[in-house]
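Breakdown of the fold
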Amino acid sequence: MKNAKYHLECFEGGEVITDRYTNTCPEGHDSLLRTVYKRKRIRRLSGWGMFNYIDWLPVEETLPINVSPITYKSDGFGREIGLKNLYISFSGYWQEKSVFMKTCTFKELEAPPTFQRAKEKCEKILVVASAGNTSRAFAEVSSLTGMPVVAVVPRSCIYRMWTTTEPENHDSIFLISRDGDYSDAIATSKEIVKIGGLIEEGGVRNVARRDGMGVVELEAAFFMKVLPDYYFQAVGSGTGAIAAWETFIRLIEDGRFGEKMPRIVISQNLPFAPMFSAWQDGRAEIIADKDMRNAEDAIKKMYADVLSTRNPPYSIKGGVYDMLASTEGKMYGITNEECMGAKKLFESEEGIDLDPAASVAVASLIKAVDEGFVGKKDKILLNITGGGYKRLKKEFKMYEIEERMEIKSNSLGQLPLDEIERELKEFVKAL
Ligand SMILES: *Cc1c(COP(=O)(O)O)cnc(C)c1O
């Protein structure tokens, strides 16, 4: 391990761990693991996309995938809300700015290092559960690289499953739909991995996902030359914001970008905002009866339903609560109406359409300015986590991914595991 590029460390217990696609602490701590990279001063290489930051990605080799977010200084929108130093990180599709994420969200930064890490460390097939944007990103990367993936998506979100690559490239994608919501999809994926040869992608616990998203902050730091005073993002799980925190810590250690930890400001879409509710109440735990009342109805009412995570990594060590506490962070709850207003203003000033979730972050920034929480001259990094669907649609055809299986929950809540196993074996054989 002495010569390894990185190792993992348990946030709670400090155990040093050799990475074997390890997503949980071997000592049993309920804590995130973090990557510790040998190289403390990060290089920005001059090849393709996000792998230019391979120093701080938990992989040995790159994938030939040209995705990267971009940072620019806002003119129109910043001026409109009275900010002199508003920097925008954009993940999505925006050709004029040379951002080419064909699934239009920052989930596309999570998929490539995750596939590569799985290939290098365990050689098993990844199983991903999501409300759509994550699975779509994994499907796109799978269709480009031929690396297989099993994606489990709630039926109501299946319309989000498309790629810009033609259907003959979909052979490496095994798409399963099921009834219920995001949490049901997760439960199903946990059952499915009991079949041999498969591995849970890992969600927030997967360091490749978090460090992949950290590329947003790396790109911003190289553009801004200094860390921002505030970082704004809309959260569902909070994985992206935890990633931002971890990356800021590394950038401070790097030494070239200042010493001050940015204050991390996150936002959720009301009425379903469990972390917002718990944080407002000063609690480190989410209490379902208080923070998630009428969850099903509340989720249906959300404008940005990709933010509807029911089991966010809030209390886990190294998770959202720790992040907010340690960065003097803040949380906003944003109404649908506030989203609409923010979306309209942003789109007319910046000239790009937003993913609904990104409009939650934009609205939170408007609120923070109105309240005087941020100053006119503060350096602010606003993470626009998704957008550019309209432009993408103009330039590309979108190909729906065909379902291989449809799972209905029966009264016992049992899955037809035998049947799934049979189908999966056929799938693997045909690869
Ligand atoms: C998933 C997603 C988010 C929330 O990210 P988390 O890491 O789950 O908090 C925000 N915006 C968009 C566009 C997303 O797809």
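What comes next is a walk through the structure. Note that the structure is predicted; figures quoted are calculated from it, not measured. (Residues numbered from 1 in each chain as written. Predicted model: local features only at pLDDT ≥ 70, side-chain atom pairs only at ≥ 80, totals over all residues. Heavy atoms only, no water.)

Comments concerning the overall build of the chain
To keep it simple, the criterion reads: Numbering goes from the N terminus for both helices and strands, where a helix is a DSSP run of H or I of at least four residues and a strand is a run of E of at least two. Note on method: radius of gyration uses C-alpha positions; expected globular size equals 2.2 Å times residues raised to 0.38. Relative accessibility under 20% of the residue-type maximum defines a buried residue, over 50% an exposed one, and the middle range a partly exposed one, all with a 1.4 Å probe and only protein chains included. Residues are treated as being in contact if the distance between any of their heavy atoms lies within 4.5 Å.
On a plain count of helices and strands, the chain comes out with 15 helices and 18 strands. On C-alpha atoms alone, the chain measures out to a radius of gyration of 20 Å, which is about the 22 Å that the 2.2 N^0.38 rule sets for 431 residues. Dimensions of the chain along its principal axes, counting C-alpha atoms only, are 60 × 50 × 45 Å. Here the chain, with 431 residues, has 58% of them falling under the buried criterion. A separation threshold of at least 6 residues defines the contact pool for the chain, and within that pool the share at least 24 residues apart is 73%.

Digging into the nonpolar core
When a protein is soluble and globular, its nonpolar side chains tend to lie buried together. As a reminder, the rule being used: Buried Ala, Val, Leu, Ile, Met, Phe, Trp, Tyr and Cys residues that are joined via side-chain atoms within 4.5 Å together make up what is termed a nonpolar core.
The biggest cluster of nonpolar side chains holds 80 residues, and the ones touching the most others in it are Phe-115, Leu-126, Leu-251, Ile-264, Ile-266, Val-320 and Met-323. Look past the residues within four positions of Phe-115 in its chain and what remains in contact with it is Leu-63, Leu-126, Phe-138, Val-141, Ser-142, Met-147, Pro-148 and Val-149. Core analysis: the second largest hydrophobic core is formed by 42 residues, Trp-94, Val-265, Met-292 and Met-302 among them.

Observations concerning the sheet that holds strand β5 (residues 86-90)
Rule in force here: Pairing between strands requires that DSSP locate at least two bridges from one strand to the other. Fitted lines through C-alpha atoms serve as axes, helices being fitted only where they are in contact, and the angles separating the N-to-C directions of these axes extend from 0 to 180 degrees.
The six strands are arranged β4-β5-β16-β13-β14-β15 in an open sheet whose pairing can be described as mixed. With one partner strand each, in any of the chains shown, β4 (70-73) and β15 (330-334) form the two edges of the open sheet. Here the average twist between neighbouring strands, direction ignored, is 20°. The pairing of β4 with β5 spans four bridges and is antiparallel. The partner of Lys-73 across the bridge, within β5, is Tyr-87. In this fold helix α12 (residues 336-350) packs onto β4, β5, β14 (263-269), β15 and β16 (380-384), with an angle of close to 100° to the strand it touches most, β15. Packing of helix α13 (residues 356-370) onto the sheet brings it into contact with β5, β13 (230-234), β14, β15 and β16, and relative to β15 it is tilted by some 115°.

Looking at the sheet that holds strand β9 (residues 149-154)
Here five strands make up an open sheet; going across it, the order is β12-β8-β9-β11-β18 and the pairing parallel. Sheet topology places β12 (198-200) and β18 (403-407) at the edges, where each strand pairs with a single neighbour. Across the sheet, the axes of successive neighbouring strands diverge by a mean angle of 25°, strand direction being ignored. Bridge count between β9 and strand β11 (residues 173-178): six bridges; the pairing is parallel.

Some remarks on the environment of Arg-39
Relative to the helices and strands, Arg-39 is located in the loop between β3 (33-37) and β4. Spatially, the C-alpha atom of Arg-39 lies 28 Å from that of Gly-329, the residues being 290 residues apart in sequence.

Observations concerning the packing of helix α2 (residues 111-121) against helix α3 (residues 133-145)
Here is the rule we go by: Throughout this description, any angle smaller than 35 degrees is read as roughly parallel, any larger than 145 degrees as roughly antiparallel, any in the 65 to 115 degree range as roughly perpendicular, and the remainder as oblique. Left-handed describes a crossing whose near helix is turned anticlockwise from the far helix by less than a right angle; the clockwise case is right-handed. Three residue categories are used. Nonpolar comprises Ala, Val, Leu, Ile, Met, Phe, Trp, Tyr, Cys and Pro, charged comprises Asp, Glu, Lys and Arg, and polar comprises the others, including Gly.
Across the interface, α2 lies against α3 with an axial gap of 9 Å and an inter-helix angle of 60°. Between α2 and α3, the interaxial angle falls into the category oblique. For α2 against α3, the interelement crossing comes out right-handed. Together, Ala-111, Pro-112, Thr-114 and Phe-115 of α2 and Ala-137, Phe-138, Val-141 and Ser-142 of α3 make up the contact between the two elements. Its residues assigned to classes, the contact of α2 with α3 comprises six nonpolar, two polar and no charged.

Side note on the pattern of salt bridges
Inclusion rule: Any Lys or Arg side-chain nitrogen located within 4 Å of an Asp or Glu carboxyl oxygen qualifies as a salt bridge.
Under the counting rule described, the total for this entry stands at 29 salt bridges. For Asp-291, the salt bridge identified is with Arg-283, shortest N-O distance 2.8 Å. Just as Asp-291 is buried, Arg-283 falls in that class too. When salt bridges with common partners are traced through the structure, they connect Arg-155, Arg-178, Asp-179, Glu-406 and Lys-408 into a single cluster.

Re the site of the ligand
To be explicit about the condition: For this purpose, a residue is taken to be near a molecule or strand whenever a single non-hydrogen atom of the residue falls within 4 Å of it. Under the rule applied, a polar contact is a pair of N or O atoms within 3.5 Å (in protein, one hydrogen donor and one hydrogen acceptor; residues adjacent in sequence only if both atoms are side-chain atoms). In short, Shrake-Rupley with a 1.4 Å probe defines the accessible areas, and a residue's cover is counted only from the protein chains shown.
If you check the shell around the ligand, you find 17 residues, and the closest are Lys-107, Gly-236, Ser-237, Gly-238 and Thr-385. Take Gly-238: an N or O atom from its main chain is 2.7 Å from an oxygen atom of the ligand. At 3.3 Å, a backbone N or O of Thr-239 approaches an oxygen atom of the ligand. With the chains in place, 96% of the 390 Å² that the ligand exposes on its own is no longer accessible. Across the shell around the ligand, the residue classes tally to six nonpolar, nine polar and two charged.

Here's the deal with helix α4 (residues 182-192)
Within the sequence span of α4, burial applies to Tyr-182, Ser-183, Ala-185, Thr-188, Ser-189 and Ile-192. Those residues of α4 hidden inside the fold are in contact with β8 (125-129), β9, β11, β12, β18 and α15 (417-430). With a side-chain oxygen lying 3.0 Å from the backbone nitrogen of Ser-183, the N-terminal cap of α4 falls on Asp-181.

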